[in-house]
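# Inside the fold
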Amino acid sequence: ELNFYVGDIHNHCDISYGIGSLEDALQNAKAQLDFASVTGHAWWHDMPTDERLKEPIEVHRQGFERLASQWDEVLARINSHHVDGSFVTFPSFEWHSIEHGDRCVYYRDGNGPIIRANSLDELHEELRTLRGAGIETLAIPHHTAYGRDNRGLKWSELDEDLNPVVEIVSTHGAADLGVQRPY
């Protein structure tokens, strides 16, 4: 028996840098969706340092710190809206990388840390460690339409176990699968 569910697994708000409150984002999702994840911007190990980008870089850093400082509260708020069989929530955060592309990390059972990994290998190692401790997680590649070496996905770096799903279309554009396929 199959069922049809509608959800949003990549929504931003003011928990890091974005518009609107977490409570509003969750209430709006609950009013019209079956599942949701509000994704905070969390870490960017290879962020540009160009002085011309000083203002957006500072916005990012402040957002990362805001999310980190309230992560336990964010988890509690997201989990308080979860209702088995009615409205499912997944806590998540976004890990950025110019070299490897961005990943949105999701926790199935409502709890998990922000991972401040300084490489994709380190992120994957941390995710495997969490899984070994019984914390189910996955990392969905994001911004697949961006160019390689500019936060775009390198298809050859996908890990089928940790990245079983890939974002193909977002407001940032659509991936060009015919060009970026590794085969």
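Refer to the structure presented above.
### Description of the packing of helix α1 (residues 22-32) against helix α3 (residues 71-80)
- It is the contact of α1 with α3, at a shortest axis distance of 10 Å, that shows an interaxial angle of 20°. With respect to their mutual orientation, α1 and α3 come out roughly parallel. Relative to α3, the crossing made by α1 is right-handed. Where α1 abuts α3, its residues Leu22, Glu23 and Leu26 lie against Val74, Arg77 and Ile78.
- Class assignment of the residues belonging to the contact of α1 with α3 gives a composition of 4 nonpolar, no polar and 2 charged.

### A word on the pattern of salt bridges
- With the rule as written, the count across this model stands at 8 salt bridges.
- A salt bridge links aspartate 102 to arginine 151; its shortest N-O distance comes to 2.6 Å. Residue aspartate 102 is located in strand β5 (residues 102-107), and its partner arginine 151 is located in the loop between β6 (137-142) and β7 (169-170); the two are separated by 49 residues in the primary sequence.
- Linking arginine 128 and aspartate 159 is a salt bridge whose minimum nitrogen-to-oxygen distance equals 2.1 Å. Of this pair, arginine 128 sits in helix α4 (residues 120-132) while aspartate 159 is found in the loop between β6 and β7, placing the two residues 31 residues apart along the sequence.
- According to the relative accessible area criterion, arginine 128 is partly exposed, its value standing at 40%.
- Accessibility expressed as a relative area gives 14% for aspartate 159, which makes it buried.

### Section: the packing of aromatic side chains
- In this structure the tally under the stated criterion is 3 aromatic pairs.
- An angle of 55° between the planes, with centres 6.4 Å apart, marks the rings of tyrosine 17 and phenylalanine 64 as tilted. With a gap of 47 residues between them, tyrosine 17 in the loop between β1 (7-11) and α1 and phenylalanine 64 in helix α2 (residues 54-69) connect regions that are remote in the sequence.
- Using a relative accessible area of 18% as the deciding quantity, one classes tyrosine 17 as buried.

### Considering α1
- Of all the residues in α1, the buried ones are Leu22, Ala25, Leu26 and Ala29. The buried residues of α1 occupy one face: seen down the axis, they fall within an arc of 95°. The exposed set on the far side of α1, more than 90 degrees from its buried face, consists of Ala31 and Gln32.
- Where α1 is buried, its residues touch β1, β2 (35-44), α3 and β3 (88-89).

Rules of the game
- Residues numbered from 1 in each chain as written.
- Predicted model: local features only at pLDDT ≥ 70, side-chain atom pairs only at ≥ 80, totals over all residues.
- Heavy atoms only, no water.
- Axes fitted to C-alpha atoms, helices over the stretch in contact; angles between N-to-C directions.
- Helix = DSSP H or I, 4+ residues; strand = E, 2+ residues; numbered from the N terminus.
- Parallel < 35°, antiparallel > 145°, perpendicular 65-115°, else oblique.
- Left-handed = near helix turned anticlockwise from the far one by under 90°.
- Contact = heavy atoms within 4.5 Å.
- Nonpolar A, V, L, I, M, F, W, Y, C, P; charged D, E, K, R; others polar.
- Salt bridge = Lys/Arg side-chain N within 4 Å of Asp/Glu carboxyl O.
- Buried < 20%, exposed > 50% of the residue type's maximum accessible area, 1.4 Å probe, protein only.
- Phe/Tyr/Trp six-rings, centres within 6.5 Å; stacked < 30°, edge-to-face > 60°.
- Arc of directions from axis to C-beta.

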